[in-house]
Amino acid sequence: MGRAVNYMKGSVRLEVIGPYPERFLNICGASNVQFRNLERVDETCLRLTVPLHQARLAESLGKKCLCEVERTGETGGPQLVRRLARRWGMMAGMLLSLAAVLLLSRFVLVIDVKGNTTVPDQVILSELRECGMYPGVYGPAVDERKISNLMLLHLKQLGFLSVNIRGVRAEIVVREAQLPPELEPVGQAMDLVAEKGGTVLTVLPQAGHPVVEAGTEVHAGEVLISGTVPVEKMPDLPVTESYAVAAKGEVWAEVTEVCQVTTPLVTTGKEYTGREQTEYEMRMWGKGFKISSKAFQPFPYYDKIEKTWSISLPEGVKLPFGWVRRTGREYRPVAVPVKPESAERYLRTLLETQVQERIGDHGAVLDRQWSVETEDGAMTVTLTARCREQIARRADGAQQE
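Description of the structure in this document. (Residues numbered from 1 in each chain as written. Predicted model: local features only at pLDDT ≥ 70, side-chain atom pairs only at ≥ 80, totals over all residues. Heavy atoms only, no water.)

Glancing now at the nonpolar core. By size, the foremost hydrophobic cluster in this structure holds 19 residues, and its most contacted members are Ile-124, Leu-128, Met-133, Ile-147, Met-151 and Ile-172. Taken together, the elements giving at least two residues each to this core come down to strand 5 (110-114), helix 6 (121-130), helix 7 (144-154), strand 6 (158-166) and strand 7 (169-176). The contacts of Met-133, once residues within four sequence positions are left out, are Val-108, Ile-111, Leu-128, Val-142, Ile-147, Val-163, Ile-165 and Ala-170. With 17 residues, the next largest nonpolar core counts Leu-48, Ala-55, Cys-65 and Cys-67 among its residues. (Core = buried A, V, L, I, M, F, W, Y, C linked by side-chain atoms within 4.5 Å. Buried < 20%, exposed > 50% of the residue type's maximum accessible area, 1.4 Å probe, protein only. Helix = DSSP H or I, 4+ residues; strand = E, 2+ residues; numbered from the N terminus. Contact = heavy atoms within 4.5 Å.)

Following the criterion strictly, the structure yields four aromatic pairs and no others. Considering the side-chain rings of Phe-107 and Tyr-138, the 5.4 Å spacing of their centres and the 65° angle between planes classify their relative orientation as edge-to-face. Placement of Phe-107 in the loop between helix 5 (88-104) and strand 5 and of Tyr-138 in the loop between helix 6 and helix 7 is noted, with a sequence separation of 31 residues between them. Among the residues examined, Phe-107 registers a relative accessible area of 12% and is labelled buried. With relative accessibility at 36%, the residue Tyr-138 sits in the partly exposed group. Residues Tyr-301 and Tyr-331 carry aromatic rings whose centres are separated by 6.1 Å and whose planes lie at 50° to one another, so their mutual orientation is tilted. With Tyr-301 in the loop between strand 17 (287-290) and strand 18 (302-312) and Tyr-331 in strand 19 (residues 318-337), this pair connects stretches of sequence that are 30 residues apart. Judged by its relative accessible area of 44%, Tyr-301 falls in the partly exposed class. The rings of Tyr-272, Tyr-301 and Tyr-331 are connected pair by pair, giving a single aromatic cluster. In this structure, Arg-23 is placed above the aromatic ring of Tyr-20, and the distance from its NZ or CZ to the ring centre is 4.5 Å. We note Arg-329 situated over the ring of Tyr-272; from NZ or CZ to the ring centre the distance is 4.4 Å. (Phe/Tyr/Trp six-rings, centres within 6.5 Å; stacked < 30°, edge-to-face > 60°. Lys NZ or Arg CZ within 6 Å of the ring centre and 35° of its normal.)

What follows is the structure in structure tokens.
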């Protein structure tokens, strides 16, 4: 501790030359001049260190004992300040760096989300921003308990959320909610009906009474597996009793799917004129400050190209400020003809995707028939597909698990 204090005060190294240099030490002691690091060079020369504020007094005391006192070196804080004062650029950089460290340490720069499996990070980060938690927010002003409560109200998929701020890093720990299983009503009949019309191929009942069989033509809304199960006491006697269940099972049928898409054979293209206009913007703590006060809409028709530069620390931590450049490239809309082959190929891909969405992951396309018509500058492609689909659905519209 004493060394640190002496360094901050500053010290001077003196060389004392005279016939009796020991007298100089006695005079310094009588005058309360502190000295240390005494070194005997020879019989007529001594070296010692005195505080900076007593250096002039020590030099004046040398005359009283017929000794010459010279300064051989100076160390400490005051001497360092004088050296840096001549280098004002370095001094300003050091002060700015120190201010930046002290200032930025009060802001949240990184947000880590942990514990989520089904809810994406971007969804959680977007809701956090709505609740007032985002990179660049002032850390001491964040109400962690309030943000946790708001997040649980906004995202029903979460059962627990905590906000832990440690310096410039905020850790968001979540636990996803365990949704209770859907309870089926007891003693209530629930039928499985046909979602689409078609020819039944296979009936696979798990619960309930099947009322259709393979080869039966069914229409949309028709009962396939009844939730009212009859009780047969004797084969020859009529059914007089039944019980109610929630019907379960699968009914596979051959269904005809018809999909149609139309597209014009002339589209709008872009012809660039070569004219460009640029706008710059500074971003600090999540807010943008435009260099120009005018709204950026340079041309009636233009493409906007935006490039952002941000400062990142070696560990990947991004500082909450950056520089944005927006460039507008003018173009003129022009009519561009579309090749019929390319248009037909594109429409066939769209129709294949639509059919696959209708039949589901486990369905299959048995046969396809295509028709292409061109009229009034537009092409229409129709796909008639014979498919194998699972058509059984709950009568209330809910899908079976």
